[in-house]
Each structure stands twice: as structure tokens, then as C-alpha cells.
Amino acid sequence: MRTTAVDYWHWLLVIEMFLGGIAGACFFAGALADLASKGKYRKLAKIGSYCVLPLVVVTLIFLLLDLPPSRRFYFWHFMMIFKPLSSMNQGVWLLSLFTLIGGVIVPAIYLAEDKGILPFLKGKEGLRKALSIIGIILSVGVMGYSGVILADKAVPLWSTSLFLPATWIAVSVVSGIALIRLILALSAEKDKEADSMLAKALKLALIVAAVAIAIFLFTSGDAASVLISGSYAILFWLGVVVIGIVAPIVLDAAGKDMATVVSVLTLIGVFLYKWIILYGGQV
Amino acid sequence: MKLTRRSFLKVSGLSLATTALTEFGFNMTAVAAEAEKLRIADAQQVTSICPYCSVGCGQIVHVKDGELLNVEGDPDDPVNEGARCSKGASLFQLKGGKYALENRQQNVLYRAPGAADWEEKTWDWAITEIAKRVKDTRDKTWVATEKIKDLKTGEEKEYVVNRTDGLACFGGAALDTEECYLLTKLSRALGIVYLEHQARLCHSSTVAGLAAVLGRGAMTQQWTDVKNAKAILICGGNPAENHPVAFKHITKAVEENGATLICVDPRFTRSAAKAKIYAPIRPGADLVFFGALINYMINKKHYDENYVKWNTNALWKVDSGYSFDPKTGFFSGYNKDTKKYDQATWVYKKDADGKVEKAADLSDPECVFQKLKAHYTRYTSEMVEKLCGMSQAKFEEIAEILGTQKPSVLFYAMGLTQHTVGSIMIADYAILQLLLGNLGKPGSGINACRGEPNVQGSTDVALLTHILPGYLGAPVATNADLTAWTKAQGTFRKKFLINLLKAWYGNAATAENDFAYSYLPKRNAAKNTTHVGAITAMADGKIKGAICVGMNLMVGTSNTNLVRRALANLEWMVSINLFTEETACFWRDPDGAGAENIQTEVFFLPPAGPYEKEGTFVDSGRVLQWKYKAVEPPGDAKADLDILDMLAHELKSLYKGSKEVKDKPIQDLTWGYGEPPDPEKVLTEMNGYNLTTGKPVTGIGALMADGTTSSGCWIYSGIMAGDPAKGENVNRSKNRNADDPSGYGLYSGFGFSWPSNVRIIYNRASCDPSGNPIDPAKKLVWWDPEKPDAKTGKPGNWTGFDVPDVPAKDAAPGTPGGNVPFRLLGDGVGKLFMAKYAKPQPDPKPDEDPAITKARELELPVLTSGSLVDGPFPEHYEPVESPAENLLNGSQTNPAIVERGEYCPIATSIEEYPHVLSTYRMCEHWLTGVMTRNTPWLVEAMPENFVEINTELAKDKGIKNGDLVEIKTARGSIEVKAAVTERIKPLDINGKKVHIVGTFWHFGFEGLAKGSIANTLTLDYGDANTQIPEYKVCLCDVRKVK
Amino acid sequence: MAYGLLIDTSRCTGCRGCQVACKAWNQLPAEKTEFTGSIENPPANSGETWLRVTYHEVSNGSGGVKWLFGQNRCMHCLEPSCAAVCAAGAIKKLDNGAIRIDQEVCIGCKNCHYACPFFGGVPRFREELSEDENDLIDKGLMGGKRVTGTVYKCWMCQDRIENGLETACATACSVRAIQFGEREELLAKAEERVATLQVVGETKAAVYNPKGVGGTGTIFILTDDPEAYGLPEDPQVSTANMVTKWLTGLITAGVLTIVPFWMVFKAAEAKGKGGK
């Protein structure tokens, strides 16, 4: 029972965690698709990596808004120390490094290929591959750290189970795939094949996420009751489970071209999940 | 699948590494603390005393360039050793901080008749206008003579009374002693008899009750001596909340001396929470409990036989005319028509030549002890269970502890004093301690926990209608001259009255004119001139003008609706207070008649705060301590001493040149304390002067009866006789030597305690008749046959760790002055039976002082001691409003009390008002809350009033925690939030379940924390002896406010 | 030398001298409060209230009540979660035993508040300072540092203890229920005191110095279960399993997602070849 007068952490943080997660996830999904398919789906990798920088920038803007006005522009204090034991400090460094590689260098290489700018980066395949792999690893960190920030607190819902970060990564991956799929679906030239691939991947990712959430709830004990039967139960069952997980799978199974709807529903589900965890912990 | 399993294995393996990692992270090397600057480092330190309860906690005020930085406890003060309660800890905010600066009144204000707001004025204007009104009212309402009917002969006789019935003066317990003294002096000179203050409402029954049994009306020991007790009974008090720092010494007794702490209280208080034994009791049933304790001690032979024989009147024989009839509940001499007792039979049995007969041993049926035993046989443990609601087992457990663990001390406050039987209740307490031999020894005594910082001082200097400074009886009409007064008071006190008159009237007081005795106003003994009497006279429009000095009548007086009437009927009123409180602002009382309908003129004068002026406070242990001035008062605020000085000079100039007799007291009044007035000059006047040398007298012993010395308050004599050669200050209230050679916690070098710096009064009783300590291990004072006397140089002198409480240092045991442990009683011994007694002049001696011979011829006694008006033995009577029937005798209520009629309606049916209501206090607020309700830190901790209701009653009434409820009595009703709790439980009273509800009386409609005035509910029926209202118990009903 | 505070609830009379003394010395503004059924106020610790006396009414088992007086205040853990999670490095463990927030480094992210296992998070955020405080700061009469928009808590009166004075709360206490001193000595005292309490019938008397946070600088002597005082039975350093949680996340989610993902697109690539 917390006696906090106000929710110090609120919706702004949910947005940060949501967007940050996607930033990592879309690079993760794109790059992975590219590597696995030996370049067949480089398009996805490009879309993913182009998304990173704008998403990170927006996330940082929200982060600034979240800080108290008087201290907002002291955020660089975070960068003044390297403190591996502070998840928040980890996040700062992970995000910085990831943005540099996955959000700047890798996209630059792609731009070099397509638009021919920055010629010195042209044809640096080895470098691109290497950076993509590093980027993938960092992206997992970026997806995970905001989960760890919650998990290493004295708040039962966040800290009882070992699996909150796991769910964080899983749902983020979902959101990343969903975003790429959405962009693809909205882009001019449709790519049925890529979409069906993404659909498969999304289904698997959703199942993984569902499993992770299940394990998380199971290992949280009483702390999870706020989501299962407590004040956030409706949002959880309807928002997260039905809208965010079941509906997308069913709709895709239905076979029709539902890419846009499915992606949007999944994104909503992921956002709601992060929302109810943050607020559910402070009930 | 495989993958998964492997990954989990990995996890478990790694999690070990993890913990190791975190461990590493955690033995985080501590970094060096930065050197911090102390914000008070270069501040000046000024010592002061806490202005809240009377524990007298030393404070250090930190000041820099005249600005207040910090206030904190004085670690060198043995009473608090630096400690403070929430109130004490908040002192900074009385002056410091935004709220105080904005809201503490700093301007002279005036409220015109019918006006809806204040207007700012200047001091000159206000003093001139006030003085004008005082003179005008005084001249209009002057009573020069009065016809009084003689009760015996029935014939009327005219007496000179020289008083005004049109002026009243209230308050002073929060002022410095010097200011109180000037207030008494000026008021008496003006002829005011309606001179009253807080002491009337908190401990007047203590003074009466203790004085009747022990001779002095004060706490008998020191806070710091409590640690020597073996048992502590808290009954009718709540020191943990109302005298929190006193609990320091209670805790010491419990932890270091193995004392058992017992708490008897209707509710489970913060004190109860710390007690080893807690027992509930029905409010107003305490006499049953004490009576039963007395009975138990006698039956179980727990009383101290030697002590009782040596130090009490146990062996003295009682007049055969005395009797008590349980059927009627009356003692002998009761007159049903006048509802008064003729005390003629409440006396000792005398032999042929007028000497009191004494029994050989305690078994003599005629002796006081046997009468006491007989009287209390009715007070059984069964009776306790029936009337108090305390189980017999609990009662016997408590009784056995008190009977076997000695010495023990008793703590009490308003829980006992505020009853229509208040005085006899306290007397009962004292009788119990006499039986157990618990007076005059270390770790023994009766602790009347006084409520205001200087109420002891304001009582000593007599801001009360019935006394003059030093507890000399204030003359009544029939004390026509000094001789008549002396007949009633005795030659012992006459000497001190003469010194007082010399201090007040200087050369105008001569042997020829009875030392200007006629200047003193004489009240009519038949008229109630006490607090409630004054309020009533105001309501009747008899009193035209009133002055309230730091006294909040609206919140503090019971039966508030009468106070509303009273204030609205005044022509003018002066209020002096730190904040504009409910009394100053009574005209904007939301429950009042409306400003436009109230014609009373109100003058508000802003005084200096506690650490903004110099002077003494007298703590509950009778210790005078000097407070130094730390900062200047804010804005126009002035010390009360300056205000009184301005007023006195203005009045003197107004009366200058008058030829009228009635104005002589003002013209001849001595008044020269310097410019600005110096409190130390005032203190010296109280100490007294040798008028031939002009030097301060060295002590009580140096005071003369022939007009060659003066002393404004004889009990303080010697305070200005410090010896710098011994490292003392001349002004001994400034002494700060915290040595304690005895280890008893006497601290004789810290401040000065009256009388003559005696720390444990009646300490002669710690010795046997021949002057040897009863318990050599705990020797306090003793007779040293070798030690030469300071004056005569003859061998043989009283000496000891404490100043011996004896008539004279060389009064050898066996001689008349050598065996009077309770020397302020004519009897010289403690009174188990409160007989009326007048000590005759000593037998003629060839070379005796002619004054004595003359006194004998005039049949003037040396020292008189009266009884209480409602019986020589304390007898239980029920409160005016009670849920129970008096099972002990035939009189439901005290037969000697006065009905209040329409002034105070009382409940007619228990069905209408089924529950007992008690009002009390909390740690975070103080009395009427004028200061605490304006202190943000305290308001934060206790923002609102609430009523404590038992869970069961709440359930019946559908009241939940925090709900708004209405409490209703025959007087009125208030709305307040509910605290549903198990800390207050229903009691089984003679087979009937009685619920008790309780609320706090600190709140009012002004200030930062507001709340309805709880005293709207209480009744103002007074104690038979002192008229202290029965605040503590009445009947009420509660309901949830929809 | 590491100092500490010993809170002996068996002695506390609930007078709140410490609560006000803390405000007075540290010049903290009063909060606007109201009566809500308990005499406890303010209802929670805050940036303006660093020490709060608590009142718990429990049954004494024989029809009566026990009234337990406790305190909410910084425990000055030996393994402080707040300091561990602070991303700005503003919270430090000092060699004199105090856990101190450097207001000038703090950026007000409230991470420490959620990490603290005591009293719903001891470090509390402050939006702005009072006029009185700013006035003192201007005059250079404020102890320590005050910065708006940062997180505050008990700082063990650094300005007093570093200048040879006891903390304001310990100085104020009438009944030695709050003792300031060398932590090791206080621990010894505590054990001694508990033994005595056991003898006089306080069978539940115990020292509260939880190991899960490495022990605390603020040691309690309790006469009832910790829960009865609003204290956690067995508080843990919040970051204790942080690395495990990371790894669990990386391995389960990371691997579980990467693998099927890989398979999907690997297959795609193969199919693509066949297609040619």
C-alpha cells in the first residue's frame, strides 16, 4: 500500500516507454528480417532503421517534458556518470549508443546505397552487417531497459516477478513489427509477400508476448491481482488480451487484407499493456 | 523447447553471478560528508522559558543582528535537558515565518459600537481613551459603604467597602510574574474585586483543597524529583499530552527506579499508552476511588503509622458534636434553607482550659483516625466497581501497589479540579498521601500539573478575588479594620499584610491609619465575585467595563452562550493578546447576535511575545526562572509591563488633585519602576525592602510587623538576596547552577523556589520528632545539634540538602516551632480531619514581645486554618449532570453548591441526554488555542477538532470515522468530526451501560485552525469552595449530521 | 565514524516534538491538512515533511487497546536502494552514516522514490519552495541546499552532526525515544533495552534492523510486529535481482523472439530461391 499523494510517474512515461520500445523494435525486426533472408527483405531493414532517429527524438522530447521544468535542462547530469547498477543510467547509455549506430550510422549506409549521398559509405557491406548485429543486440537493451527501470523498484506489481523486462521486450518486438507492417501497408507500392511474412512473424511474436505475460502474471502472485481481477482488469482483458493479442491473430487468420487494422490494434494493445503496468503498480 | 530449457539453466546459473554483482554494487564506498555551515553558528544565544504548560522548559533563542534565527531546548536546564514537545518545538513560529509576520497583531485596534471591523489606532489615543473609561466607570459604580446582615444576630450593620462593582479584570497566567503583580496592585487600587484569571478555572480547587489539608496550595515537589518515586498514579491528568516533558522524569522513575506507572482515566490517553496499569473510571466518580483507597490502606494496615502519628492530626480528638449522616448525605450543621454548613461542630475536642485533647493511640474512638476509618467504611471495592466502572480486581491491584510501593507521587490536573466537588476531591488526594507518608520526602508528593507557563506566579501574586499576594485572605466587608481582619487570619499573616500595604502605599501607610488598610477594596462575602460570578454580573449588565489580559473568555469559559450575552452587555472591553482571538472578536462570532447589534466598544492592544521581554515565570514546582529578552516585539507591540505602566500613569494624572477619599488609593499608590519600567525593580518590590536602609530584605525572616520593612509578596522574600561572593546572582531567579549534590534532583542553584528556596515543601516530615531522617539512605533535611545558628551563634540548627521547611532554623525539635511539619496550618500538622482551628497566642512569658501580649488581649490567633465549606471529610457526591445515582449517601449532588437557575440550563432527563460528555486537551494545542491555532506547524499536525466516540456507540448511531456529528447538551450543540475509536469504552455503571464521548475545547472561530467552541456544551455550576466550573462532566447526546 | 538513530517506540509518548522540531530546524513549511479519522497528520511523508509520528491502535488481546507510536522517516539503509538507482548520481552514502541527496545534482526523476522499500517511498518530490525558505536562502541562513523540482528526505541534520550537535529530533525528544550516536553503540544499546523489555513483559519486543537492506542507520525498538508500525517485515534492496531480471528478459524474450523470427525469414529466403 503506497501512500504517495500523487502518481509521480504517469502517462508521459508510458509514451516514452512505448515509443522507445518501438524505436528499438523496428530496427530489431527490420535488421533481423534482412539478415535472416540474406537481404531479400532489406526494404524492411531500411524502413526500420529510418524510423529509429525520429522515434528516439520524440521519446527524448517527452522525457524532457516529464522532468520538472526547473530541472529539465539538467538532464545531462545523467550523462555525467557511468553507473552500470542504475537501470535508468544503463538506459541512457544504451539509448545513446543504439541511436548512434542503429539510428545514424546504419541508416546513413542505406542512404548512401539508395540516394548516393555520403559516397564513402557506399558498399560497406561488412560494416553494415556488423553494425546491424550490434544494433540488434543494443535494440534488445533499448526495448528492455524501461522494463528494468520498473522492475528494480519496491513496487510489488513491478518487482515481484523476474519477468517484467521479458514481457517488455516481447511486447516491444510486437509493436516494432506492427509499425513496420503499418508503414508497409500505407506505403504506395504494396508488398503482399513481405506483409504475409510480417504477419507470420507478428503472430509468433504475439504468442511469445502472450506466453511472457502469462509467466509474468503467474510469477507475480498477489501483486498481479490488480490486473487479473482488480481495478485494471477490464483494460487488461479487453484492451491487452482481446484487442492487442487475440483480435490481430484471428483477423490475420481470416486471411483478408487487414494489415492496417491488425497493426493498429496491436500497437494499441502494447500501449495499454505498458499503461496498466505503470498505473496498476501505483494503485 | 530445448532452447528454452537451456536458456533457463543459463538464467539460474547467471542469477548467482547477479547477486554477487549487486552485493558488489552495494558495499558502495561511503563518500566523505561535506563540511556544513551551522546556520546558528555565529548567532547570539539568549535563554528563555517555554510559554506553554508550566513544566518550565528552558529554551535557547538564537538571534543574529536582532533577527530571530531559531529557538531550541536549553540542554543545561535540568527540567527539560534540551527536550521540547510539539508546542515547545514550534516556538519559532510565534514570531518567525510568514504567517506570524502577517497575522500576529502588531497594531493597536479599536472596534466602535456596532462596527463590523477594526480600525487602527495609536497607543496614545488608546491609553487616554481606556483610562477615561476606567475612571468614568469606576466613579459611576463606586460603592463606598455597604449594609451587611450578621448571620447570627440578624442585625444589619454598615461597613466601609471602597470598591467598584462596575469593573472586571481577567487573565494574567501567561504574563510574567512582575506584570501580574502590577496588574493586581493597580486593580486593587482601583477598587476592583472582580479580579480573576485562569487559575480560577484550572486549579482554584487545588489551592483550596491542598491548603485545607497541608497548608499550601501548590505542587509539593519538583519535576526533577519525580525520578525518586517507586509508584506513580496519574488520575485526572494526562501529562504525556499536556505536560509532555514532565514525562521525561516519569520515564526515569520507571526505568531507573523501577517505579510502577498507573493511569486512571475515562479514556485511553497517550499517558495510558505508557502505563503499566490502565484502569478506566467514570468522569466525576474519582471521590469513590480515592475514598476506597483510603479505606483499603486503613484495613490492610498499609498506612505509615509513625508518619501519621507524628505529622498528622490523627491522634487529635474530634468534638462530640460532629457527625455525618449517610441517609441524608449531610454533615452536622447543615442548613437546608441557606444550603450552607455551620462549621461550629467541625472542631477538635478541647479540655477545660481550652487545649485540644489528644489520644494516646490510634485506637481511641474519639480520635481523628478512628473517625476517618469510620467515615470511609462505606467506600468498598464493590462500590468502586458500581460507581466508577472499574473492576474490583483492577482496583485492588492498584491499591496494593500504592500501599506497598513507597514513596509514590500523584499526578493530576483538570480531570479532578473541574468538578462541583473539586476541592474535596483534591483534599482526598492529599489525605491519601498523608496516610501513606508520601509528603516531604524525595520522590513523594502531589503534583498539581499547572496549565499555564506562569499560573503559579499569577496565583502567588493573587490575580484572584479572594486573596492578596502571598495567599493572604483578601478582606471582606465584615473585616472592618486590620484587627478584625487579623481575628480571621491571625497575627502570622498580619505581619505580611502590613508589609504588603507598605509596598503599595509607602509613607501613606502608617501604624496610625492601620497601614492604609481602608484603601483595600472589600468584597461582599455573600456575593459570587469569582469568574462565573463576574460573567453573570456582566450578563446582567452590572459590570460595565472589562479588561482581558491574555485571556480568551469566549473559548475558555464554560457555558459559552452566557459569555456571549455577557460580552455583548459590556459598554467597553480591553483585550490584550498576541493574536486577535475570539474574545477580542466576539462581535463577529458567527453564532453571536451580529456586529451591528453589539454596542460594546473593543480596544485591542498588541503585547510583546514571551521571548520579546524580560521577567520571571514560576513553574509548577514553584521555581522562579528569569527569561531574558531575545528580540524586539514586532510593529507597535509592547510588553504588558509597559502597557500597565502607561495606564497607571495616565490614571494617576486623571485623579491628580481629587479630594475624594475614594481616590486616595490611586493617588497614594507607589509607582516608580523607571522609564521604561524595569521588571527587576518590580521583583525587588515583591522581595521587599528594609525601609530604613533602603536595601532589599534578605528573606522572610527579615520582614517586620512595625512598618519598617515592605514586601509586595512575602513568599518571594529572599529572591533578591543572592550572594555574588558565592557565584550567585543577586537576583536568584537568574541562577543557573545545575549541580545536584544530593542526587535527588533538587537543583537548588537553578532559579529560586518559594518559600526561601525550599524545593520539597513540608520536608520536615522526612524526619522523626527528634529531627533525624526517617530513612537515612534518603536523608533530605535534619537537625544538627552542633551546627551554630547563623543569627544567635548558639549550637543547634536545621540543615540538609534542601532548605529545611521550618519556622526558624534554630527551632529545635521538642520546642513549639520544632515539630510543625505543616507549618502554615494553625494545627502545624497535616489534617486528616479538616477541623476549623485557630492557633492561640503562646502562653504568657515574662519577657515577651508587647505585641503578643496585646494580641492575646484582643484574642487574636497566631494562625488560623479553616475547613472546606462542604465537609471536614471528603464525601462523594455526583456531578450536577450524572447518569448514575449516588449510592454512597442520600444527597445526589453536593449539598453546598449554588444553583445557577436560568443562567445555566441543565438536563432534566437521562433519556434525552444519555451519554457522559467530557472535554479535554491534546498535546498539539494549548488551552484556548490563541497561540497554537496560529502556529502553522501545529495546525498541520492537528488541523481540526474531533469527538472521540466508541466503536459500539458509533455503530448504533451509524457514525463512521471522519463523519460530521452533532453533540447536544442542555446548553447548546456543536458540530464536529468523529473519531471512532476503542480508546474510549462504555462503562458498566451499577448494571447500566454508560457511554462516554469526549471532545477537545481548544477551538474557536478565529485563527488558522477554526472549529466550533466546545464550551458551548459545558455547564458552569461551580465547586462549593472555589466556584471552579464543572467543565469535566455533563450529559449529552450525539447524532450523525446528514 | 558511522552514526545512526535509535527509535525506541516503547518510550515514545507520541508528543510529536520531533516532528515539529524537524520542521523547525530544517525550516520546512507546514502542509494544509484535515482531520480524516486519525490523529496522524500529515497523512504521508512529503518533500515538506521528512519525519512523521504515526499512531497505530491495535488490540491488546484482552479486550483493551495498545496504542503504538511509531515514525515514518528515512531509514538510512546501509545498502540504500535510492542511491543505487539514482541515475544522476545525486544520492550518496556518507561516511557519517547518512544517505544524502545532493539537491543540485538531482534532476527530479523520482526514481529513488519508487526504489525505496519503506513507508511507500521515503524520498519525496517538491515542486516549489516556500517564501520563508527562499527568504532564508537569500540571507544565506538556510542549512544545506534547497533546489526546486528535486526530491527531498531526512538528511540526518548534516549541518548539526557535522558541527557536533545531535539531530534536531533527538535533541527534542523528552523521553530518549530518539537517540543519536555511533551506530554500533546504538545497536548494542538496543539489544540491551529489548532484553529489559522482555523481562517487564513486552514479549514482542525486538530490534528492527532488517538485513535485506544491509541493516539500517535508523534502528527501531518495536514492541509489536513490524507491520503493526507500518514497517515491512523483510524489506529487500530493490535492485537485488536487477541483473537476473535483465538476463531473464534477454534470454526468454530476446531468444524466444529472435529464433522464430529468424526461422520465418530464413524460410522466406529459401522459398525465394526455389521460386527462381
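Residues numbered from 1 in each chain as written. Chains lettered and ligands numbered in written order. Predicted model: local features only at pLDDT ≥ 70, side-chain atom pairs only at ≥ 80, totals over all residues. Heavy atoms only, no water.

Engineer: Provide a residue-level description of the overall build of chain B, including the pertinent values.
Structural biologist: Counting its regular elements, chain B contains 28 helices and 40 strands. Taken against the 2.2 N^0.38 rule, which gives 31 Å for 1042 residues, the C-alpha radius of gyration of chain B at 29 Å falls within 12% of a compact globule. Taken over the C-alpha atoms alone, chain B extends approximately 125 × 70 × 70 Å along its principal axes. A burial count over chain B gives 66% of its 1042 residues as buried. Expressed as a percentage of contacts within chain B between residues at least 6 apart in sequence, the contacts between residues at least 24 apart total 72%. A total of about 34,200 Å² of accessible surface is found on chain B, and carbon and sulfur atoms cover 53% of it. Separation of charge centres in chain B, based on 119 positive and 127 negative side chains, amounts to 2 Å. (Helix = DSSP H or I, 4+ residues; strand = E, 2+ residues; numbered from the N terminus. Rg over C-alpha atoms; globule rule 2.2 N^0.38 Å. Buried < 20%, exposed > 50% of the residue type's maximum accessible area, 1.4 Å probe, protein only. Contact = heavy atoms within 4.5 Å. Areas by Shrake-Rupley, 256 points an atom, 1.4 Å probe, with all protein chains shown as cover. Lys, Arg positive; Asp, Glu negative; His and termini not counted. Charge placed at Lys NZ, Arg CZ, Asp CG, Glu CD.)

Engineer: Go over the overall build of chain C with me, naming the residues and quoting the values.
Structural biologist: Scanning chain C from terminus to terminus reveals 8 helices and 10 strands. Whereas a compact globule of 276 residues would reach a radius of gyration of roughly 19 Å, chain C reaches 24 Å, over 25% beyond that. Seen through its C-alpha atoms, chain C measures out along the principal axes to roughly 90 × 55 × 45 Å. Within chain C, the fraction of its 276 residues that count as buried is 68%. In chain C, the proportion of contacts linking residues at least 24 apart, taken out of those at least 6 apart, comes to 61%. Carbon and sulfur atoms form 55% of the exposed surface of chain C, whose accessible area is close to 8,900 Å². Averaged over its 29 positive side-chain charges, chain C has a centre that lies 7 Å from the centre of its 32 negative ones.

Engineer: I'd like to hear about the packing of aromatic side chains, residue by residue, with values.
Structural biologist: Residues and elements named next belong to chain B. On inspection of all chains with the given rule, the structure shows 64 aromatic pairs over all chains. Seen from their ring centres, Trp 316 and Tyr 348 are 4.7 Å apart, and the 55° between their planes marks the pair as tilted. Taken together, the residues span a long stretch of sequence, with Trp 316 in the loop between α11 (305-311) and β12 (324-325) and Tyr 348 in the loop between β15 (340-341) and α12 (368-376) at a distance of 32 residues. Each member of the pair, Trp 316 as well as Tyr 348, is classed as buried. (Phe/Tyr/Trp six-rings, centres within 6.5 Å; stacked < 30°, edge-to-face > 60°.)

Engineer: Residue-level account of the pairing of strand β7 (residues 156-170) of chain B, with values.
Structural biologist: Residues and elements named next belong to chain B. Within β7, 11 of the 15 residues are buried, which leaves the element mostly enclosed by the surrounding structure. Both strand β6 (residues 142-149) and β7 contribute to a ladder of 7 bridges, which runs antiparallel. Residue pairing across strands places Lys 147 opposite Glu 158, the latter belonging to β7. Connecting β6 to the antiparallel partner β7 that follows it, the hairpin turn spans 6 residues, and Gly 154 within it adopts a positive phi of roughly 85°. Pairing of β7 with strand β8 (residues 192-196) involves 4 bridges; the strand directions are parallel. If you follow Cys 169 over to β8, its bridge partner there is Leu 195. Here β7 pairs with strand β20 (residues 545-549) via 4 bridges, running parallel. (Pairing = 2+ DSSP bridges.)

Engineer: How would you explain the interface of chain C and chain A if you had to name every residue and give the values?
Structural biologist: Contacts between the two partners involve 58 residues from chain C, matched on the other side by 65 residues from chain A. Buried area between chain C and chain A, both sides added, is near 5,000 Å², and the carbon and sulfur share of it is 69%. Counting every contact that joins chain C to chain A gives 20 residue pairs in polar contact (both at pLDDT 80 or more). The element contributing the most residues to the side of chain C that touches chain A is helix α8 (residues 242-275) of chain C, with 23 residues. Here the side of chain C that touches chain A is composed, by residue class, of 30 nonpolar, 20 polar and 8 charged. (Buried area = accessible area lost by both parts, 1.4 Å probe. Polar contact = N/O pair within 3.5 Å; in protein donor to acceptor, adjacent residues only side chain to side chain. Nonpolar A, V, L, I, M, F, W, Y, C, P; charged D, E, K, R; others polar.)

Engineer: With reference to specific residues and values, describe a negative patch on the surface.
Structural biologist: Residue and element names in this part refer to chain B. Taken together, Glu 382, Glu 385, Glu 396, Glu 400 and Asp 988 make up a surface patch of like negative charges. Of all the secondary structure elements, the ones that give two or more residues to the negative patch are α13 (381-388) and α14 (392-404). Judged by relative accessible area, Glu 396 falls into the partly exposed class, the value being 33%. (Patch = residues over 30% accessible without salt bridge, like charges linked within 9 Å, V, L, I, M, F, W, Y side chains within 5 Å. Salt bridge = Lys/Arg side-chain N within 4 Å of Asp/Glu carboxyl O.)

Engineer: Pulling in residues and values, what's your account of helix α9 (residues 246-257) of chain B?
Structural biologist: Residues and elements named next belong to chain B. Counted at 1.5 Å a residue, the expected span for α9 with its 12 residues is 16 Å, and the 16 Å between its end C-alpha atoms agrees. Contact partners of the buried residues in α9: β9 (231-235), α8 (239-242), β10 (260-264) and β16 (408-412). Of the residues one or two after α9, Gly 258 is the one with positive phi, at around 60°. (Expected span 1.5 Å × (residues − 1).)

Engineer: Give a detailed account of the confidence of the model for chain B, specifying residues and quantitative values.
Structural biologist: Taken residue by residue, chain B gives an average pLDDT of 95. The fraction at 70 or more is 97%. Segment residues 1-27 of chain B is flagged for pLDDT under 50; beyond a separation of four residues in sequence, or across chains, it makes 30 contacts in the model. (pLDDT = per-residue confidence, 0-100.)

Engineer: Mind laying out the sheet that holds strand β24 (residues 623-627) of chain B, listing which residues take part and the relevant values?
Structural biologist: Residues and elements named next belong to chain B. The strand order across the open sheet built from 3 strands is β23-β24-β28, with neighbouring strands paired in antiparallel fashion. The two strands at the open ends of the sheet, each matched to only one other strand, are β23 (615-618) and β28 (752-753). Sheet topology note: the β23/β24 ladder contains 4 bridges and is antiparallel. Within the sheet, the bridge partner assigned to Gly 615 lies in β24 and is Lys 627. With respect to the sheet, helix α25 (residues 679-687) is in contact with β23 and β24, its orientation differing from that of β24 by roughly 160°. (Axes fitted to C-alpha atoms, helices over the stretch in contact; angles between N-to-C directions.)

Engineer: I'd like to hear about the environment of Gly 621 of chain B, residue by residue, with values.
Structural biologist: All names here are of chain B. With respect to the helices, strands and loops of the structure, Gly 621 is situated in the loop between β23 and β24. Under the relative-accessibility criterion, Gly 621 is labelled buried at 0%. Considering only alpha carbons, one finds Gly 621 and Ala 218, 403 residues apart in sequence, at a separation of 7.8 Å. Those residues in contact with Gly 621 that sit more than four places away from it in its chain are Met 219, Gln 221, Gln 222, Trp 223 and Ser 753.

Engineer: Quick one: what's the story with the interface of chain B and chain C, residue by residue and with numbers?
Structural biologist: Interfaces are frequently sized by the accessible area removed from exposure as the parts join. Contact with chain B, which involves 75 residues of that partner, is made by 84 residues of chain C. With both chains or domains summed, chain B and chain C bury close to 6,400 Å², and 60% of this area falls on carbon and sulfur atoms. Linking chain B with chain C are 12 salt bridges, by the criterion used here. Of the charged contacts in the structure, one is a salt bridge between Arg 100 of chain C and Glu 36 of chain B, with a shortest N-O distance of 2.6 Å. Where chain B packs against chain C, one counts 35 residue pairs in polar contact (both at pLDDT 80 or more). Counting only elements with at least two residues in the side of chain B that touches chain C, the list comes to α1 (2-26), β3 (67-73), α2 (86-89), α9, α27 (936-941) and β36 (973-981) of chain B.

Engineer: So what's going on with a nonpolar patch on the surface? Which residues, and what values?
Structural biologist: Residues and elements named next belong to chain A. Taken together, the side chains of Leu 53, Val 57, Ile 61, Leu 65, Leu 97, Leu 100 and Val 104 define a hydrophobic patch exposed on the protein surface, amounting to about 570 Å² of accessible area. Those elements that provide at least two residues to the nonpolar patch are α2 (42-66) and α3 (87-115). If you tally residues by element for the nonpolar patch, the top one is α2, at 4 residues. Here Leu 65 falls in the partly exposed class, since its relative accessible area comes to 43%.

Engineer: Before we move on, can you summarise the packing of helix α5 (residues 177-190) of chain B against helix α23 (residues 640-655) of chain B with the specific residues and values?
Structural biologist: Residues and elements named next belong to chain B. In contact at an axis separation of 9 Å, α5 and α23 are set at 20° when each is read in the N-to-C sense. Put simply, α5 runs roughly parallel to α23. When you trace α5 past α23, the crossing you get is left-handed. Here α5 contributes Glu 178, Glu 179, Leu 182, Leu 183, Leu 186 and Leu 190 to the contact with α23, which in turn contributes Asp 640, Leu 641, Leu 644, Leu 647, Ala 648 and Leu 651. When grouped by side-chain class, the residues that make up the contact of α5 with α23 number 9 nonpolar, no polar and 3 charged. (Parallel < 35°, antiparallel > 145°, perpendicular 65-115°, else oblique. Left-handed = near helix turned anticlockwise from the far one by under 90°.)

Engineer: So what's going on with the pattern of salt bridges? Which residues, and what values?
Structural biologist: Residues and elements named next belong to chain B. Within this structure, the stated rule accounts for 98 salt bridges over all chains. Where Lys 185 meets Glu 685, a salt bridge forms, and the shortest distance between an N and an O atom there is 2.8 Å. With a gap of 500 residues between them, Lys 185 in helix α5 and Glu 685 in helix α25 connect regions that are remote in the sequence. The two residues Lys 185 and Glu 685 agree in class, both being buried. For Glu 948, the salt bridge identified is with Arg 267, shortest N-O distance 3.0 Å.

Engineer: Explain the environment of Pro 872 of chain B to me, using residue names and the numbers behind them.
Structural biologist: Residues and elements named next belong to chain B. One can find Pro 872 in the loop between β32 (863-865) and β33 (915-920). The class for Pro 872 is buried, based on a relative accessible area of 0%. Ignoring any residue separated from it by four or fewer positions in sequence, one finds Pro 872 in contact with Tyr 322, Phe 331, Trp 346, Leu 832, Phe 833, Met 834 and Ser 867.

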